[in-house]
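Letter by letter, the chains look like this.
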Amino acid sequence: MTLQELKDKKIAILGCSIEGLSSARFLLTHGISFTVLDKQCLSELGEEALQLSGNQLINWELGENHLDRLEDFEVIFRTPGFPLWNQRLQAALAAGAEVTSQTKLFFSLCPCPVIGVTGTKGKGTTATLISLMLKKSGRDVYLGGNIGTPPLDFLDKLNPSSFAVLELSSFQLEDLKVSPKIAVVLLITADHLVSQSSESPNYHKTVKEYVTAKKKLVQFQTISDTAVISADWETSLAMEKETAAEAYFFSRQREVKRGTFVQDKTIIFVEQGRKEDIISVSELLLRGEHNWENVCAAVTVAKLCKVENTAISSVLRTFRGLANRLEFVASAGGVNYYNDSFSTTPETAVAALRAFSEPLIIILGGSEKGSDYTELGRELHEAKNLKAVILIGNTAGKIESAVVRAGGFPPKIEVIKNLPDMPSIVSAAAKISAPGDVVLLSPACASFDMFKNYKERGNQFTLGAKKICA
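Enquirer: It is not clear to me how the pairing of strand β8 (residues 163-167) should be interpreted in this structure. Could you clarify?
Expert: Along any regular strand the residues' side chains alternate between the sheet's two faces. Within β8, five of the five residues are buried, which leaves it mostly tucked inside the rest of the structure. Across the two faces of β8 the burial is the same, with F163, V165 and E167 and A164 and L166 all buried. Pairing analysis gives four bridges linking strand β6 (residues 114-118) to β8, with the strands arranged parallel. Its bridge partner being in β8, V114 is matched across the sheet by A164. As paired elements, strand β7 (residues 141-145) and β8 share five bridges and run parallel to each other. Bridging from a neighbouring strand, G145 pairs with E167 of β8.

In C-alpha cells:
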C-alpha cells in the first residue's frame, strides 16, 4: 500500500504503545489522518500522546468501548501486543477491513535491502552485531524492530544503498506477506504460549502456531534472496524447506558446507570449499557458548554483505553485549554480579548456567509462559559449580518440582525461597556469597508477577548489586 492510497482511507491505529505512537508520527509527517483506539484514557497514555492530542488529523476513541466501531475502518494498524485472533478484529476483517502493521507498511515502502533476524532468543544480540559490522565497514545502516526502535522512525532516512536490520518477533511476523532480502533464523523453541499481562495480552495458542509465525521470515523469499539458518536446532533447520532462497548455515557444534561454524575454538567462514579463520572465541567479550551461535550468524551475514574480516573481528573484540543479556553489572570482594533478566525461557537460563565455571548463585523464577522446565531441572541437578539457588515468583514451585523429578538438589546446594522483592533477593545472595563467586539473575521466566517488565526486573537487580558493591 502506498502513502497516497492511505490518504484516501479511513485508518485506525490499534494501540497507543511505542509502535502505535511511531505509526502516528509517521502518518502525521505525511499528512494522513487517522483514529487512535486504546482502552486507556488520554491522561494514562503518556506525555507524547497528550502533545499529539491537539492535532486536527487525529481522532481519539479511548476507554473500555474503544473497539465498538472497529468495523467502520478500512485500514487497521495492529500493534504487536494486540492479538490477531481477537474476535473484534476478525469481525473487522470479515467486514472488509485491511489489517496491517508498522512492519508490513515498512516492508512495502522500504527502498533498501532488509536484513531480518528472528528466533526465540539471541535475535537482539545478533541484529546488533550485524548492524555494528556493517557500520564498521562504512555502510549506511539502521537497526530497529523488536529491539526498540520502530522502523517507521527511520524509513524516510533510507536510500537504495542503505541497510535496514530488523529484529522481528513472532507477533510482528505472524501476518507478514513479504520476507526480507536476508533472513536470519536462530534458535526456535516454545515461547509466548500464555498471555503475559492485560496490557499485552497477545500470545500463541499452540507451539505450532508460534513456529508458523516464525516461518513467515523466510516463506516469501525468492531465489534471489538468502536465508541464514541455524544448523544446531531441528525446528530452525527445517526452515530451509520453507524458503526458495539460497541457504547458508551457522553452527557451534558442527562444520557446515556453506556459512560459519566453530572448530578448535575458532570461528570459521566457508564458501565454495574455501575456509577463512575469522577470530578465536577466546577473543570474544560475550560470555557463554550460546553466544557463539549469534556470532556465527552475524559473521555469515557480514560476509554475504562483503564486510571486511578486519571490520568483523574489530566488532567482535569490543562488543560486550546488550543490557539484561548476561550483562556484568557490579563486583566487590571478588564477587561478580551478572544481569541476565532477558532470560525468559528455560533454554536461555540453561545457556547462562553453562556460561560460568565459577561457584554460582542463581536467581530463578517469575511469571508463567507455558514453558517446560524439565531440561532446566536436569541442569540444576547436575551442575557441578552450583552453590545456591534463589527461587522467586509464581513459577518457583514448578522449577523446584522439575529439579525433584531430575533427582533433586544436591545436599551442598542452598535453596532460598519466598523472598518478597528484589532488594531482599540481592541481599540474600550477597550474604551467602564468597570471593570468586558469581551471582546471576537468569530467571527462565517472564517478569509480570513482581515487575512491570524484564527491564524493570534487571534494573532493580543492577541497582541492588551496585548498592551492595559500593
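Further notes follow.
Enquirer: I'm lost on the nonpolar core in this one. Help?
Expert: Burial of nonpolar side chains together is a common tendency in soluble globular proteins. Grouped together as the largest cluster of nonpolar side chains are 53 residues, with contacts concentrated most on L6, I11, L27, F34, F77, F106 and L158. In terms of residues, this core owes the most to one element, helix α2 (residues 18-29), which gives five residues. Beyond its immediate sequence surroundings of up to four residues, F34 is in contact with I11, I13, A24, L27, L28, L57, I58 and N59.

Enquirer: What exactly am I supposed to notice about the packing of aromatic side chains here?
Expert: To describe a pair of aromatic rings, one takes the distance between the centres and the angle between the planes. Tallied over the full model, the rule gives seven aromatic pairs. Aromatic pair F106 and F107: ring centres 6.5 Å apart, planes at 90°, arrangement edge-to-face. A relative accessible area of 0% places F106 in the buried class. With relative accessibility at 12%, the residue F107 sits in the buried group. Plain terms: the ring middles of Y142 and F154 are 5.4 Å apart, the flat faces sit at 25° to each other, and that makes the pair stacked. Taken together, the residues span a long stretch of sequence, with Y142 in strand β7 and F154 in the loop between β7 and β8 at a distance of twelve residues.

Enquirer: Just to check I follow, could you spell out the sheet that holds strand β14 (residues 274-280) for this structure?
Expert: Working definition: the strands of a sheet are paired by backbone hydrogen bonds and lie parallel or antiparallel to each other. Spatially, the nine strands line up as an open sheet ordered β7-β8-β6-β9-β10-β11-β12-β13-β14, and their pairing is mixed. Only two strands of the sheet have a single partner each, and these edge strands are β7 and β14. Taking the axes of each pair of neighbouring strands and ignoring which way they run, one obtains an average angle of 20° across the sheet. Running at roughly 165° to β8, helix α6 (residues 123-136) makes contact with β6, β7, β8 and β9 (182-185) of the sheet. The sheet contacts of helix α8 (residues 207-219) involve β6, β9 and β10 (226-230), and relative to β9 the element is tilted by about 150°.

The rules behind the values
- Residues numbered from 1 in each chain as written.
- Predicted model: local features only at pLDDT ≥ 70, side-chain atom pairs only at ≥ 80, totals over all residues.
- Heavy atoms only, no water.
- Buried < 20%, exposed > 50% of the residue type's maximum accessible area, 1.4 Å probe, protein only.
- Helix = DSSP H or I, 4+ residues; strand = E, 2+ residues; numbered from the N terminus.
- Pairing = 2+ DSSP bridges.
- Core = buried A, V, L, I, M, F, W, Y, C linked by side-chain atoms within 4.5 Å.
- Contact = heavy atoms within 4.5 Å.
- Phe/Tyr/Trp six-rings, centres within 6.5 Å; stacked < 30°, edge-to-face > 60°.
- Axes fitted to C-alpha atoms, helices over the stretch in contact; angles between N-to-C directions.

All we've got here are geometric facts, nothing functional implied.
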